[in-house]
Amino acid sequence: MGKDSAHDKTGIERIKAALARPFAFASKDSFAHIESIKGLDALVSTLCDGEARHATDVQLSAITTLKRLFNDFDSLSSDYKKERIREAQRLLDADACEAHPAPLAAKPPLTEQEADERLKELQAPLRFVKGIGPRLAERFAAKGLLTVEDMLYCLPLRYEDRSRLKKVQGLAVGEDAAVLVTVIASSEARYGARKVFEMVANDSTGILKVKWFHYKLSYMKNRCKSGSRLILYGRVSKFGHQIEMIHPDIEEMDESETIASSSGVVPVYSQLDGVHQKTLRKIFGSIVADYGHKAVDSVPVAIRSRRRVSEQSKAFEALHLPQSSGLFLEKAREARRTLAYDELFMLELGLAMRRRAIKKEGGIAFDAARKDPSGLEARLRESLPFSLTTAQERALSEIKKDMNAPLPMNRLIQGDVGSGKTVVSLIAALMAIESGYQAAIMSPTEILAEQHYLTVHRYMETIGIRAMLLRGAMKAKERRVVLKEIQEGGVDLIIGTHALIQKDVEFAKLGLVIIDEQHRFGVVQRGELRKKAQGASPDMLIMTATPIPRTLAMTAFGDLDVSIIDQLPPGRQPVRTRILREKDRASAYQAISRALVEGGQCYIVYPLVEESKEVPLKDATSMKEHLQRDIFPEHRIGLLHGRLTTVEKESVMRDFKDGRTHILVSTTVIEVGVDVPNATVMLIEHAERFGLAQLHQLRGRVGRGVKPSLCMLLAAWTNSEDTYKRLKVMTETSDGFQLAEEDLKIRGPGNFTGVRQSGLPDLRLSFALTDTALLKAARDDAFGYLEQNPELAGPEGILIKKILKSRWASRLELAEVG
């Protein structure tokens, strides 16, 4: 490399310099001009292609990632454009700082034998760990903590800076604070019919009242004895003139223990019944000291260096054994980022391997390119009372391209409620049928399977295609007839539930599998259905109306190609949404009455099937009786919930669909697929208990006809501002994808927001999914690494393969099923 200043720069530095002005303009005034930026994808592509020829391996990885970030830049929303630019700036800053990196180690620091020994030790059952034993291990098992590795990943809920304990007199209403007090008295009290455990405590500056509404009396009496010194942590509130805390965390202080001896930053873990925080800290501290250094890093050294993530052992130490220094928060943030990146990298690498394995299988090249003006697709389109939307045509084009290739299609169609996914999948089925194959549609419930059949059967008859319904509850004679037709090829399109994957179901020539609401089926079930094909693997088309944040979709469906139908058919009536409080109940019932008088029907949804002593919520069963007896005696009310038999559910739904029932009281079993165009009003009780995605699914049951529709969200009182902020979003948009993104921001990913697939490893750090930029970086790095080392060969690749097997266990064997 030359000595002049221009050539003294690396390729990364030259790219950074070339992009400095457009990036500065794009991010100016909080990205106010982001939409006026055009052609950035072409500029980045040209720069990356030019520099890639001279780049080192480390620099090439960064350049490849940068190019991917801008592949579809102009088509993205403003929010995603911002994220891409921020991630690009982080990427370029990191690599510019390491313009001339030191040579990286040619092999991983561990030998195969060392890795095997460490991985085995990390899987040690807790009952054999010093300081735990069988009885305590059972308590940890109840929280899902079974091994040493589980404990390392069980991070503190929060940290207390004991040097900043507040005095009672200094507590401010609304703040979360820690305070050291001495118990004056405690006892159980009654407020009407409700029992409350109360405690009065003080310090040198004042008196604090503490209340628990959910408690075990013997446990509380033992913890809150008069004279006990307690550290309380909770939200400060006020009742009358008295400062108080409701349900604070408690930690007892020994008589000999002083604030000085426990000062500094202290981790606080999720409570374990009968185990004090001091004991938990001691156990976790001991495990980190004995096992933390045995953690095996899965991220390749070069990527770890470029992404500036540290070693796992250092991250565990920083999080479980915090040092009382001013840099603690920064160290904790970096440690969490390290562990999150490691989790995401391994997950995405597994998904990349699964995707690659599917592409290796022999598939079917359907004769989809043949354009027969009198073919099945053309005849179906002629029989439809509507034309396909642009979004439907786009998805169909992507499907046809896949089906025309000699590789198994593995595609997900995401579309909002009512966007027309079914007709797209039906045209795909006709493509398979016209090529001499059978197609199968698998639905999660018999109600939905029957609904698909009734919809599909009507159109299939008009074009000469034979469709049949296979139900689990069929009579033996009827079932034998259907099975014979499937096996001998007398039926072209088969619709059913899990019944399709039972052993006695044999297809003559299965070419296409369509799965509806895929998150309700596991990877294993998808694989079982795929095995029903003779010879080449059938194409797989998966549909979901569940709005999934794009961040989660990259993870939950990382092994699938994704088509999005983001456009509703013209003429669909928007659903007006209102938030109500308990005081508005009468007006909600009046709205229902008006709709019924006008000939409409109504859903009323509850979170519980029956009354529960543990959860004080209204339930469907008792409220159905109350509504029928006291509120709507002149109307017929039906009851639908998950405990009914299949036959009972079908009977209830048929009565509602045919208009014999006017109001359907239900749990969330109606959230998917139920289609009654005459239903124009929905009342959702305890709406604060549901996520936005689920509320949106429920709302999608109305507004399916030509009449204006109303969805009322009746929320019980809660002191959480986030609850009403979240519900208000429902009144502002009907875009399911936007709602899902908002839900992720407000509530976090939870258990993959309900879309976790069986067959994916559990993400032990759910907060990892909230960092979109980190997830994209991990995905790019994982897919890029597999491109460079597809067989995971060499010392580093072998080590990664061992970690993958340890993390995914037998689930890695499911790679071939998608």
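Residues numbered from 1 in each chain as written. Predicted model: local features only at pLDDT ≥ 70, side-chain atom pairs only at ≥ 80, totals over all residues. Heavy atoms only, no water.

Enquirer: Would you mind showing me how to read the overall build of the chain here?
Expert: Each helix and strand in the chain was counted, giving 27 helices and 21 strands. Counting across all 818 residues of the chain, residues that qualify as buried make up 52%. Excluding contacts between residues fewer than 6 apart, the proportion of contacts in the chain whose partners are at least 24 apart in sequence is 74%. Entry remark: accessible area of the chain is about 37300 Å², with carbon and sulfur atoms responsible for 51%. (Helix = DSSP H or I, 4+ residues; strand = E, 2+ residues; numbered from the N terminus. Buried < 20%, exposed > 50% of the residue type's maximum accessible area, 1.4 Å probe, protein only. Contact = heavy atoms within 4.5 Å. Areas by Shrake-Rupley, 256 points an atom, 1.4 Å probe, with all protein chains shown as cover.)

Enquirer: What should I look at first to understand the nonpolar core in this one?
Expert: Nonpolar side chains in soluble globular proteins tend to end up buried together. Grouped together as the largest cluster of nonpolar side chains are 42 residues, with contacts concentrated most on Leu380, Met403, Met460, Leu493 and Leu512. Per-element accounting of this core gives the leading share, 10 residues, to helix H15 (residues 421–434). Once residues lying within four places of it in the same chain are set aside, the contact partners of methionine 460 are Leu380, Leu426, Leu430, Ile465, Ala467 and Leu493. (Core = buried A, V, L, I, M, F, W, Y, C linked by side-chain atoms within 4.5 Å.)

Enquirer: Any chance you could explain the side chain of aspartate 150 here in plain terms?
Expert: For aspartate 150, the position within the fold is in helix H7 (residues 148–153). On the accessibility criterion, aspartate 150 (19% relative accessible area) is buried. A distance of 3.1 Å separates the side chain of aspartate 150 from the backbone nitrogen of threonine 147, its partner in a polar contact. For aspartate 150, the residues in contact, after removing those within four places along its chain, are Gly144 and Leu145. (Polar contact = N/O pair within 3.5 Å; in protein donor to acceptor, adjacent residues only side chain to side chain.)

Enquirer: Where do I start with the sheet that holds strand S17 (residues 601–605) in this structure?
Expert: Here six strands make up an open sheet; going across it, the order is S16-S21-S20-S17-S19-S18 and the pairing parallel. If you trace the sheet from one side to the other, it starts and ends with strand S16 (575–580) and strand S18 (637–640), each paired once. In this sheet, neighbouring strand axes are inclined to one another by 15 degrees on average, regardless of whether the strands run parallel or antiparallel. Strand direction decides the pairing type here: S18 and strand S19 (residues 663–666), joined by four bridges, are parallel. Paired with leucine 639 across the strands is valine 665, a residue of S19. Along the sheet, helix H20 (residues 585–597) makes contact with S16, S17, S19, strand S20 (679–685) and strand S21 (709–714), crossing S20 at roughly 160 degrees. (Pairing = 2+ DSSP bridges. Axes fitted to C-alpha atoms, helices over the stretch in contact; angles between N-to-C directions.)

Enquirer: What exactly am I supposed to notice about the sheet that holds strand S15 (residues 561–565) here?
Expert: Sheets are built from strands paired through backbone hydrogen bonds, the pairs being either parallel or antiparallel. As summarised here, the arrangement of the seven strands in space is S11-S12-S10-S13-S14-S9-S15, forming an open sheet in which the pairing is parallel. Strands with a single pairing partner mark the edges of an open sheet, and in this sheet they are strand S11 (467–470) and S15. When the angles between neighbouring strand axes are averaged without regard to direction, this sheet yields 20 degrees.

Enquirer: What should I look at first to understand the pattern of salt bridges in this one?
Expert: Side chains carrying opposite charge are able to pair once their charged atoms draw close together. Scanning the model with the defined rule gives 34 salt bridges in all. A salt bridge links lysine 211 to glutamate 244; the nearest nitrogen and oxygen atoms lie 3.4 Å apart. Of the two residues, lysine 211 is situated in strand S4 (residues 206–212) and glutamate 244 in strand S6 (residues 242–246); the sequence distance between them amounts to 33 residues. For lysine 211, a relative accessible area of 7% corresponds to the buried category. For the salt bridge of arginine 466 with glutamate 485, the shortest nitrogen-to-oxygen distance reads 2.8 Å. Here glutamate 485 lies in helix H17 (residues 476–488) and arginine 466 lies in the loop between helix H16 (446–462) and S11, a separation of 19 residues in the sequence. The class for glutamate 485 is partly exposed, based on a relative accessible area of 22%. (Salt bridge = Lys/Arg side-chain N within 4 Å of Asp/Glu carboxyl O.)

Enquirer: Please explain the pairing of strand S9 (residues 410–415) as it appears in this structure.
Expert: Successive residues of a regular strand alternate their side chains across the two faces of the sheet. For S9, a buried count of six out of six residues is recorded, marking the element as mostly surrounded by other parts of the structure. In S9, alternate side chains face the same way, and those of Asn410, Leu412 and Gln414 on one face and Arg411, Ile413 and Gly415 on the other are all buried. Judged from the five bridges that link them, S9 and strand S14 (residues 539–544) form a sheet pairing that is parallel. Of the residues in S14, the one forming a bridge with leucine 412 is isoleucine 542. Of the strand pairs in this sheet, S9 and S15 are connected by five bridges, and their pairing is parallel.

Enquirer: Would you explain unusual backbone geometry in this entry?
Expert: Where the residue is not glycine, phi is negative for most of them; where a peptide bond is considered, it is trans in most cases. In this structure, arginine 308 is a non-glycine residue whose phi angle is positive, near 55 degrees. Look at arginine 308 and you get partly exposed, because its relative accessible area is 45%. Although it is not a glycine, leucine 792 adopts a positive phi angle of roughly 50 degrees. Residue leucine 792 is classed as buried on the basis of its relative accessible area, which comes to 1%.

Enquirer: Help me understand empty space enclosed by the protein, please; the structure alone is not making it clear to me.
Expert: By rolling a water-sized probe across the atoms, one finds the places where empty space is left. Scanning the entire structure with this criterion turns up three cavities of 30 Å³ or more. Its boundaries defined by the atoms lining it, the largest cavity holds a volume of some 90 Å³. Lining the largest cavity are Leu119, Leu122, Glu149, Leu152, Tyr153, Ala295, Val296, Gln312, Phe316, Ile803, Ser806 and Arg807. Counting residues per element, the ones that place at least two in the lining of the largest cavity are helix H5 (112–122), H7, helix H11 (312–320) and helix H27 (794–808). Looking at the lining of the largest cavity residue by residue, the classes come out as eight nonpolar, two polar and two charged. Looking at the second largest cavity, the residues that line it are Phe140, Lys143, Leu145, Cys154, Tyr269, Ser270, Leu272, Leu280 and Phe284. Looking at the lining of the second largest cavity, its residues break down into seven nonpolar, one polar and one charged. (1 Å grid on protein atoms, 1.4 Å probe; cavity = no way out; pocket = protein on both sides within 12 Å on 5 of 7 lines; lining within 4 Å. Points joined across faces, edges and corners; volume = space filled by probe spheres on them. Nonpolar A, V, L, I, M, F, W, Y, C, P; charged D, E, K, R; others polar.)

Enquirer: Could you clarify how one ought to interpret helix H9 (residues 277–291) in this entry?
Expert: Counting along an α-helix, one turn takes 3.6 residues, and residues three or four places apart therefore face a common direction. The first and last C-alpha atoms of H9 sit 21 Å apart over 15 residues, in line with the 21 Å expected at 1.5 Å per residue. Three or more residues of H9 are buried, namely Gln277, Leu280, Arg281, Ile283, Phe284, Gly285, Ile287, Val288 and Tyr291. Looking at the buried side of H9, the elements it contacts are H5, helix H6 (133–142), H7, strand S7 (249–253), strand S8 (265–268) and H11. (Expected span 1.5 Å × (residues − 1).)

Enquirer: What is the right way to read the packing of helix H1 (residues 11–31) against helix H2 (residues 40–52) from this model?
Expert: In a pair of packed helices, the angle between the axes and the distance between the axes together describe the arrangement. It is the contact of H1 with H2, at a shortest axis distance of 10 Å, that shows an interaxial angle of 165 degrees. Classified by the angle their axes make, H1 and H2 are roughly antiparallel. Once H1 is placed against H2, the crossing between them reads as right-handed. Across from Gly11, Arg14, Ile15, Ala18, Leu19, Pro22 and Phe23 in H1, the residues of H2 making contact are Leu40, Leu43, Val44, Leu47, Cys48 and Glu51. (Parallel < 35°, antiparallel > 145°, perpendicular 65-115°, else oblique. Left-handed = near helix turned anticlockwise from the far one by under 90°.)

Enquirer: Honestly, the environment of phenylalanine 25 in this entry has me stumped. Any pointers?
Expert: With respect to the element layout, phenylalanine 25 can be found in helix H1. Considering only alpha carbons, one finds phenylalanine 25 and serine 36, 11 residues apart in sequence, at a separation of 9.7 Å. Discounting chain neighbours no more than four positions away, the residues touching phenylalanine 25 are His33, Ser36 and Ile37.

Geometric descriptors of this kind do not, in isolation, establish any biological role.
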